[in-house]
Amino acid sequence: MTTDLLAPFKLNNSIELQNRVLMAPLTRCMADDNLVPTQAMVEYYARRADAGLIISEATIIRPDAQGYPNVPGLFSDEQIQGWKKVTDAVHANGGKMFAQLWHVGRVAHPHFFDGEVLAPSAIGIEGSVPRMRELTYQTPKAATTEDIKGLVADYVKAAENAIEAGFDGIEIHGANGYLLDQFLHFASNQRGDEYGQTPENMSRFPLEVVDAVIAAIGAEKTGLRLSPGAYFNMDEDNRDKAVFDYLLSELNTRELAYIHGGIFDDSMRFESLDNQTISEYLRTNYTGTLVGVGSYDFDSAKQAISNNKFDLIAIGRAFIANPDYIEKLKQGQELTAYSDEMLAELV
Ligand code: FNR
């Protein structure tokens, strides 16, 4: 069986994508000092509107969510207006766009805001903020249940702001060692209350966020990114699999727009996941629409989708190197190779 990745795909009853190739969320650190998207960002995203769905760079839900310089936010009016220009330009070019909602938890740094660094437990990470080596990470404060309530409310507010800003939906960033992921792994969650110790408890806060966002904007507009295998700002623990088994069994009843793996290379196998890759593990345990990602090219993605490994592909670095990625595929043109130096400029 072959699958045409460039043919339209019905995501659900309210969203149809022009093709199955998504632009992965890609942090570029180019918002202005009020964390407002700039005109260069409007043009950058508009150029990529022929992707099936653009997922925005991770966008912080409130000030203490910040761990990197000049990342955009979705909590001030100015930020909403800035994003409106982006979504208008993407829509004018025929595209669709979700906002990725982000809180980095213990990867935050108080250099960027007034207040404490919040995480499930008071367990810090080694190292320092990228590009700002003098800012070493701090031991976070374990969030109180009051803090957790406030966080859920702020995810909802950011989701509502995203809709006001014209996004077609949102992706909750539950991957890559950031706040929600920190609740889901034993290495970062050592709480003794109803948010720790058991799969049900460790899944509680992520599910509260998912349910509250669904109640606010609808499940068909809500996607979720997850990293069941620990690979970034996180240590692997063989007990984590039971947490994700439970979480996914719950998510199977929610009718989300999709679940998206969070990984850089999907050939990586995780001992903690019975030696499966991220997409294998998610496909086995999740019954809804699955987005594959991680060092795929168009041909390997096509093969994986034909073999029913996942339903949609997200492409990251190749979309940085090739604003015209989709057009080049259609024309059979050679792609420009990605290099890290390309991150210096928004093209
Ligand atoms: C990323 N990635 C990422 N992931 C995420 O969930 N939110 C983000 O904001 C970012 N930011 C980001 C910036 C840069 C410069 C890179 C290279 C990657 C991960 C990204 O979405 C994707 O999972 C990986 O890049 C793997 O896909 P590719 O690049 O192999 O197609």
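Residues numbered from 1 in each chain as written. Predicted model: local features only at pLDDT ≥ 70, side-chain atom pairs only at ≥ 80, totals over all residues. Heavy atoms only, no water.

Structural notes on the packing of aromatic side chains
So, point 1. All told, the structure shown has 15 aromatic pairs when counted by the stated rule.
So, point 2. Where tyrosine 231 meets phenylalanine 264, the ring centres are 6.3 Å apart and the plane angle is 55°; that geometry is what we call tilted. Placement of the pair is tyrosine 231 in the loop between strand E9 (222–226) and helix H6 (240–251) and phenylalanine 264 in the loop between strand E10 (258–261) and helix H7 (278–285), with a sequence separation of 33 residues.
So, point 3. A relative accessible area of 21% places tyrosine 231 in the partly exposed class.
So, point 4. One aromatic cluster is present, built from ring pairs that chain together Tyr68, Trp102, Tyr178, Tyr231, Phe232 and Phe264. (Phe/Tyr/Trp six-rings, centres within 6.5 Å; stacked < 30°, edge-to-face > 60°. Helix = DSSP H or I, 4+ residues; strand = E, 2+ residues; numbered from the N terminus. Buried < 20%, exposed > 50% of the residue type's maximum accessible area, 1.4 Å probe, protein only.)

Thoughts on the site of the ligand
So, point 1. For the ligand, the set of nearby residues contains 18 residues, the closest of which are Pro25, Thr27, Arg225, Ser295 and Arg317.
So, point 2. At 2.8 Å from an oxygen atom of the ligand is found a main-chain nitrogen or oxygen belonging to proline 25.
So, point 3. Here histidine 173 contributes a side-chain N or O atom positioned 3.1 Å from an oxygen atom of the ligand.
So, point 4. In the complex, the protein chains occlude 91% of the 600 Å² of accessible area that the ligand would expose alone.
So, point 5. Here the shell around the ligand is composed, by residue class, of 9 nonpolar, 7 polar and 2 charged. (Near = heavy atom within 4 Å. Polar contact = N/O pair within 3.5 Å; in protein donor to acceptor, adjacent residues only side chain to side chain. Areas by Shrake-Rupley, 256 points an atom, 1.4 Å probe, with all protein chains shown as cover. Nonpolar A, V, L, I, M, F, W, Y, C, P; charged D, E, K, R; others polar.)

Such coordinate-based values are descriptive only and should not be taken to indicate function.
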